[in-house]
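Listed here are the chains, written in short residue letters.
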Amino acid sequence: MLKILRDYLRLLLFFAGTLAGLQIPGFVDQYGKSLQAHLAEANQQLAGFQRDADRYFGGNLEQLIAHYATSSDPVFSAGGNNLSAMAKRRYQLQDALQRFNDSVYSPYSELLLHPLADIREEVWQHYSHNVLLKPDAMAFGLLSGLLLAMVIEALFSLLWMLLCWPFRRPQQS
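Residues numbered from 1 in each chain as written. Predicted model: local features only at pLDDT ≥ 70, side-chain atom pairs only at ≥ 80, totals over all residues. Heavy atoms only, no water.

Topic: the pattern of salt bridges
Here comes step 1: Scanning all chains against the criterion turns up nine salt bridges.
Here comes step 2: Note that Arg-10 and Glu-153 form a salt bridge whose closest N and O atoms lie 2.7 Å from each other. One end of the pair, Arg-10, is in helix α1 (residues 2-56); the other, Glu-153, is in helix α6 (residues 135-164), and 143 residues separate them in sequence.
Here comes step 3: For Arg-10, a relative accessible area of 30% puts it in the partly exposed group.
Here comes step 4: Classification of Glu-153 as partly exposed rests on a relative accessible area of 23%.
Here comes step 5: Three or more residues joined by partner-sharing salt bridges are found here, namely Lys-3, Arg-6, Asp-7, Arg-10 and Glu-153. (Salt bridge = Lys/Arg side-chain N within 4 Å of Asp/Glu carboxyl O. Helix = DSSP H or I, 4+ residues; strand = E, 2+ residues; numbered from the N terminus. Buried < 20%, exposed > 50% of the residue type's maximum accessible area, 1.4 Å probe, protein only.)

Written as structure tokens, this is what we have:
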């Protein structure tokens, strides 16, 4: 009876680990889509200013920002600061999306090591649990299920050995 219970526990751990592991590629996918959406929005916000930069400064947005910043009119000067912040945000988003799309593993490393905190938090708050039916997501899920089941079973086995050790019989020679 104890062996059957242990087998079911092992299956339950594998299943729970697989389901949890399948969520990670879904979260990473939603983070990447959110990066793309924010970048598209930033580009749309800067489009009118970029047209002005194309017309008056040979396409150089930095020169347009400098022109706004050096204006004696405080409204235009403040507008230059806002425009500079929008341009920096677009650059930040472009850089993050480029790093995100570098390789097969870069989305995971980008989200783990260099995420844009505001976008990660937004995705976390609005994350809808899903199961991606992609080969890499399924492999990730199965691997995490296997690892969770193995680690928990090894911990239980170690705990069992430590609990039984004081009660073992000494071997006779």
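Next, the rest of the story.
Describing a nonpolar patch on the surface
Here comes step 1: Residues Leu-9, Leu-12, Phe-156, Leu-159 and Leu-163 make up a contiguous nonpolar surface patch of roughly 480 Å² in combined accessible area.
Here comes step 2: Secondary-structure elements contributing two or more residues to the nonpolar patch are α1 and α6.
Here comes step 3: When residues in the nonpolar patch are grouped by element, the largest group, three residues, is from α6. (Patch = residues over 30% accessible without salt bridge, like charges linked within 9 Å, V, L, I, M, F, W, Y side chains within 5 Å. Areas by Shrake-Rupley, 256 points an atom, 1.4 Å probe, with all protein chains shown as cover.)

Quick notes on the packing of helix α3 (residues 74-100) against helix α4 (residues 106-113)
For any two helices packed against each other, one specifies the crossing angle of their axes together with the interaxial distance.
Here comes step 1: The geometry of α3 relative to α4 is characterised by a closest axis approach of 7 Å and an angle of 135° between their N-to-C directions. With respect to their mutual orientation, α3 and α4 come out oblique. Across the interface between the two elements, Ala-96, Arg-99 and Phe-100 from α3 touch Ser-106, Pro-107 and Glu-110 from α4.
Here comes step 2: Taken together, the residues of the contact of α3 with α4 sort by class into three nonpolar, one polar and two charged. (Axes fitted to C-alpha atoms, helices over the stretch in contact; angles between N-to-C directions. Parallel < 35°, antiparallel > 145°, perpendicular 65-115°, else oblique. Contact = heavy atoms within 4.5 Å. Nonpolar A, V, L, I, M, F, W, Y, C, P; charged D, E, K, R; others polar.)

A closer look at α6
Think of an α-helix as turning once every 3.6 residues; residues three or four places apart then point the same way.
Here comes step 1: For α6, which comprises 30 residues, the first-to-last C-alpha distance of 43 Å matches the rise-based estimate of 44 Å (1.5 Å per residue) to within 8%.
Here comes step 2: Residues of α6 that are buried in the fold lie against α1. (Expected span 1.5 Å × (residues − 1).)

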